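Okay, here's what each chain looks like letter by letter:
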Amino acid sequence: MEQIIQKYNDWLSCQNYDSMSFGLFDGQMGLCIYWYQQSRIYNNRSYEQLADKLLDNVIINARKCPYLDIENGSLGIGLGILYLLENKYVLGVTNNVLFELDEKVFQQLYFGYIVKTRKSLRELQIQTWGMLYLCWRLRTGILEQTDGFLYRNLLVKGLNSLETSLRDMSLKEPSCFSLSNYYAPILIRLIIEMYKLDINTSKLDMLCRGLIEKIYTSTPFNMGNRIVLCSEIDSLISCLKKQNMKLEFSIYRNMLLQGVDVSVFFKNGLMDKQLFVENGVAGILFYQCIINNSANLHIDENCLIKKILGSTLWNNWECNFSDKSFPMMGYSMYHG
């Protein structure tokens, strides 16, 4: 497998990235993270140089990005840079490095989403990711700046806006397993982060009371979506102080657990070549590794390794870029 990865890296390093976006999922920010990781794993200076070049290009062009979304907009770029700083792939003072991008996110989030009275589900998703970004920035030093007060105030306004918009909004799952397109777990993660920051907890309690009714009427069918939702609810329960809400969410979590078997999902719920972060084995493994909750969602490592190594994706992988039966989405971090 290591030889396959090295061969892939040789091929990938020769590709032209100029036509790619600057974003996290399908663009240069995602590949920048990939090359920094590869440089650390293989102690390869040329990989690090390639990552440095990509990062410089992303930072120069980030201010021109017209979109806010996490996929290929300002949020994804900000989260990518934050990841690199926190994991010491690059050095710098977080508040200084992200100053201009933070200001851009703040303006785009407020004027483009929070002040809007009527929002689509897609707009709610982007607003929620934007508020999550502010929460993570508050936990990485921005509180030390004057902007910390402004960020907390914007989160309060955003929470009020979300609560109003969600009153008549359904929380149905996407048609297939997806880490980024299932809104209910993303919303719950925002509630968790705001509880941790002790921001407007009375409004958060109100939102949770309405949320329990919504998720009961839109229980996910796909096992992958169940795994993610169950994990987020398990994390939420530990943040709740009202015993009646703890009980209601616990009952629902236990109901979800009865229909969840991670090993069965790996074996039967994912296609042979479905290894991607967005909707495959890599995604569910990555998610379970970072969420670190107490829900009974055991991952069988042997089953996982067998699923990855046994995939026919590794056979003549270069041909898979034109495989019409299961096309690869190029060589991006999230879909490739």
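Okay, so let's go over this structure. (Residues numbered from 1 in each chain as written. Predicted model: local features only at pLDDT ≥ 70, side-chain atom pairs only at ≥ 80, totals over all residues. Heavy atoms only, no water.)

With respect to empty space enclosed by the protein
Test applied: The method works on a 1 Å grid over the protein atoms by themselves. A cavity is a set of points holding a 1.4 Å probe that cannot get out, a pocket is an open set with protein on both sides within 12 Å along at least five of seven lines, and residues with an atom within 4 Å of a point line them. Grid points are joined across faces, edges and corners, and a volume is the space filled by probe spheres set on the points. Note on residue classes: Ala, Val, Leu, Ile, Met, Phe, Trp, Tyr, Cys and Pro are nonpolar, Asp, Glu, Lys and Arg are charged, and everything else, Gly too, is polar.
Using the criterion set out here, one finds one cavity of 30 Å³ or more in the structure. Each pocket or cavity is described by its volume, and for the largest cavity that value is around 30 Å³. Every residue along the wall of the largest cavity is listed here: Ile-70, Glu-71, Arg-122, Gln-125, Ile-126, Trp-129 and Ser-180. Grouping the constituent residues of the lining of the largest cavity by class yields three nonpolar, two polar and two charged.

What to know about the packing of helix H8 (residues 147-166) against helix H10 (residues 201-216)
Quick reminder of the rule: The axes used here are C-alpha line fits, helices contributing only the stretch in contact, and every angle between their N-to-C directions lies in the interval 0 to 180 degrees. Helix and strand assignments follow DSSP, with helices taken as H or I runs no shorter than four residues and strands as E runs no shorter than two, numbered in order from the N terminus. In what follows, roughly perpendicular refers to angles from 65 to 115 degrees, roughly parallel to angles under 35, roughly antiparallel to angles over 145, and oblique to any angle outside these ranges. Two helices that cross are described as forming a left-handed crossing if the nearer one is turned anticlockwise from the farther one by less than a right angle, and a right-handed crossing if clockwise. Any pair of residues with heavy atoms lying within 4.5 Å of one another is described as a contacting pair.
Closest axis-to-axis distance for the H8/H10 pair is 11 Å, and the angle between their directions is 25°. Comparing the axis directions of H8 and H10 gives the class roughly parallel. Note on packing geometry: the crossing formed by H8 with H10 is left-handed. On H10, the residues touching Leu-159, Asn-160, Glu-163 and Leu-166 of H8 are Lys-203, Leu-204, Met-206, Leu-207 and Lys-214.

Observations concerning the nonpolar core
Note the cut-off: Nonpolar core, defined: a set of buried Ala, Val, Leu, Ile, Met, Phe, Trp, Tyr and Cys residues in which side-chain atoms within 4.5 Å join the residues together. In this scheme, a residue with accessible area under 20% of its type's maximum is buried, one over 50% is exposed, and one in between is partly exposed, where area comes from a 1.4 Å probe on protein chains only.
Core analysis: the biggest nonpolar cluster contains 108 residues, and Met-29, Trp-35 and Phe-249 have the highest contact counts within it. Here this core takes ten residues from helix H9 (residues 183-196), the largest share from any one element.

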